[in-house]
Amino acid sequence: MTLTLSRIDTTTRDGSTYSIRPVVSTDANQIILAVKEIIDTGVFIQKEAPRTLQQEQQFIEEVNEKNNMYVAVLRNEDVVGIARVLRGELDMKRHVGIFRTWLVESAQGLGIGKQIMEYTFDWCRTNQLRKLCLTVFASNDVAFSLYSKYGFLEEGRQKDQVFLNGKYDDEIWMAKFFT
């Protein structure tokens, strides 16, 4: 059984308010639009196309059925980002989660990343995860610095793993351990 966390409301550096709460199926369309906005920037998201509405709704349902974390970041009730933790499906890997997060450009640099990290760590501890893993592109200095600040350690690097905007980039594997 997974324990969920409730909605949190907070204020950003620029004085606007935002919330983090578990995703519901009615968020699917806004998630798709936000993903498209990020894909159109051409950097830092490992997707080439958003899911269809049916695919996103099915994904939300599966995440909930499997007792994983999927939360929306909202500004004025519009989805401006997500965070999710997908736990290992095998019993031997159930203590490990894979973390993914993104924010649309207008929501970056406002302190929301800090709130996402705190929310995610609370969820991991509440659900007794021992290890949280993620990958980040080497050229994404802001994200790498944020993850390092919150205790993620580099576990490995895949050289020239991705080709973005005409350049090869490394993909860095990072992990945080909970005791």
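What you see is a predicted model, and the numbers here were worked out from it, not measured in a lab.

### Regarding helix H3 (residues 112–126)
Given a rise of 1.5 Å per residue, 15 residues ought to cover 21 Å, and the 21 Å separating the end C-alpha atoms of H3 matches this to within 8%. Taken together, the buried positions of H3 are occupied by Ile-112, Gly-113, Gln-115, Ile-116, Met-117, Tyr-119, Thr-120, Phe-121, Trp-123 and Cys-124. Positive backbone phi, approximately 60°, marks Gln-128, located one or two places after H3.

### Quick notes on the pattern of salt bridges
Summed over all chains, the structure comprises 11 salt bridges. Taking the shortest distance from any N to any O, the salt bridge between Lys-131 and Glu-155 comes out at 3.3 Å. Here Glu-155 lies in strand S7 (residues 153–164) and Lys-131 lies in strand S6 (residues 131–137), a separation of 24 residues in the sequence. Using a relative accessible area of 46% as the deciding quantity, one classes Glu-155 as partly exposed. For Arg-157, the salt bridge is made with Glu-154, and the minimal N-O distance between the two is 3.4 Å. Within the structure, one salt-bridge network assembled from shared partners comprises Glu-154, Arg-157, Lys-159 and Asp-170.

### Quick word on the pairing of strand S4 (residues 78–87)
For S4, the tally of buried residues reaches eight of 10 residues, placing the bulk of the element in the interior. The pairing of S4 with strand S5 (residues 96–103) spans seven bridges and is classified as antiparallel. Across the sheet, Ala-83 pairs through a bridge with Thr-101, a residue of S5.

### A closer look at the environment of Lys-36
Following the sequence through the fold, Lys-36 ends up in helix H1 (residues 28–41). Residue class for Lys-36 comes out partly exposed when judged on its relative accessible area of 41%. The spatial distance from the C-alpha of Lys-36 to the C-alpha of Phe-59 is 17 Å, given a sequence separation of 23 residues.

### Concerning the nonpolar core
When a protein is soluble and globular, its nonpolar side chains tend to lie buried together. Counting 47 residues, the largest nonpolar core has Ile-31, Phe-99 and Tyr-147 as the members making the most contacts within it. Discounting chain neighbours no more than four positions away, the residues touching Tyr-147 are Phe-99, Thr-101, Met-117, Leu-134, Val-136, Phe-152 and Met-174.

### Some words on the packing of H1 against helix H2 (residues 53–65)
Contact geometry for H1 and H2: axes closest at 9 Å, N-to-C directions at 115°. Classified by the angle between their axes, H1 and H2 sit roughly perpendicular to one another. Handedness of the crossing formed by H1 with H2: right-handed. Along its contact with H1, which presents Ala-28, Asn-29, Ile-31 and Ile-32, the element H2 presents Leu-53, Glu-56, Gln-57 and Ile-60. Its residues assigned to classes, the contact of H1 with H2 shows five nonpolar, two polar and one charged.

### Observations regarding the packing of aromatic side chains
Within this structure, the stated rule accounts for seven aromatic pairs. Residues Phe-121 and Phe-152 carry aromatic rings whose centres are separated by 6.0 Å and whose planes lie at 40° to one another, so their mutual orientation is tilted. Highlighted residues: Phe-121 in helix H3 and Phe-152 in the loop between helix H4 (141–149) and S7, separated in sequence by 31 residues. The class for Phe-121 is buried, based on a relative accessible area of 6%. Judged by relative accessible area, Phe-152 falls into the buried class, the value being 3%. These aromatic residues form a ring-pair network of at least three members: Phe-99, Phe-121, Tyr-147, Tyr-150, Phe-152 and Phe-178.

Reading the values: the criteria
- Residues numbered from 1 in each chain as written.
- Predicted model: local features only at pLDDT ≥ 70, side-chain atom pairs only at ≥ 80, totals over all residues.
- Heavy atoms only, no water.
- Helix = DSSP H or I, 4+ residues; strand = E, 2+ residues; numbered from the N terminus.
- Expected span 1.5 Å × (residues − 1).
- Buried < 20%, exposed > 50% of the residue type's maximum accessible area, 1.4 Å probe, protein only.
- Salt bridge = Lys/Arg side-chain N within 4 Å of Asp/Glu carboxyl O.
- Pairing = 2+ DSSP bridges.
- Core = buried A, V, L, I, M, F, W, Y, C linked by side-chain atoms within 4.5 Å.
- Contact = heavy atoms within 4.5 Å.
- Axes fitted to C-alpha atoms, helices over the stretch in contact; angles between N-to-C directions.
- Parallel < 35°, antiparallel > 145°, perpendicular 65-115°, else oblique.
- Left-handed = near helix turned anticlockwise from the far one by under 90°.
- Nonpolar A, V, L, I, M, F, W, Y, C, P; charged D, E, K, R; others polar.
- Phe/Tyr/Trp six-rings, centres within 6.5 Å; stacked < 30°, edge-to-face > 60°.

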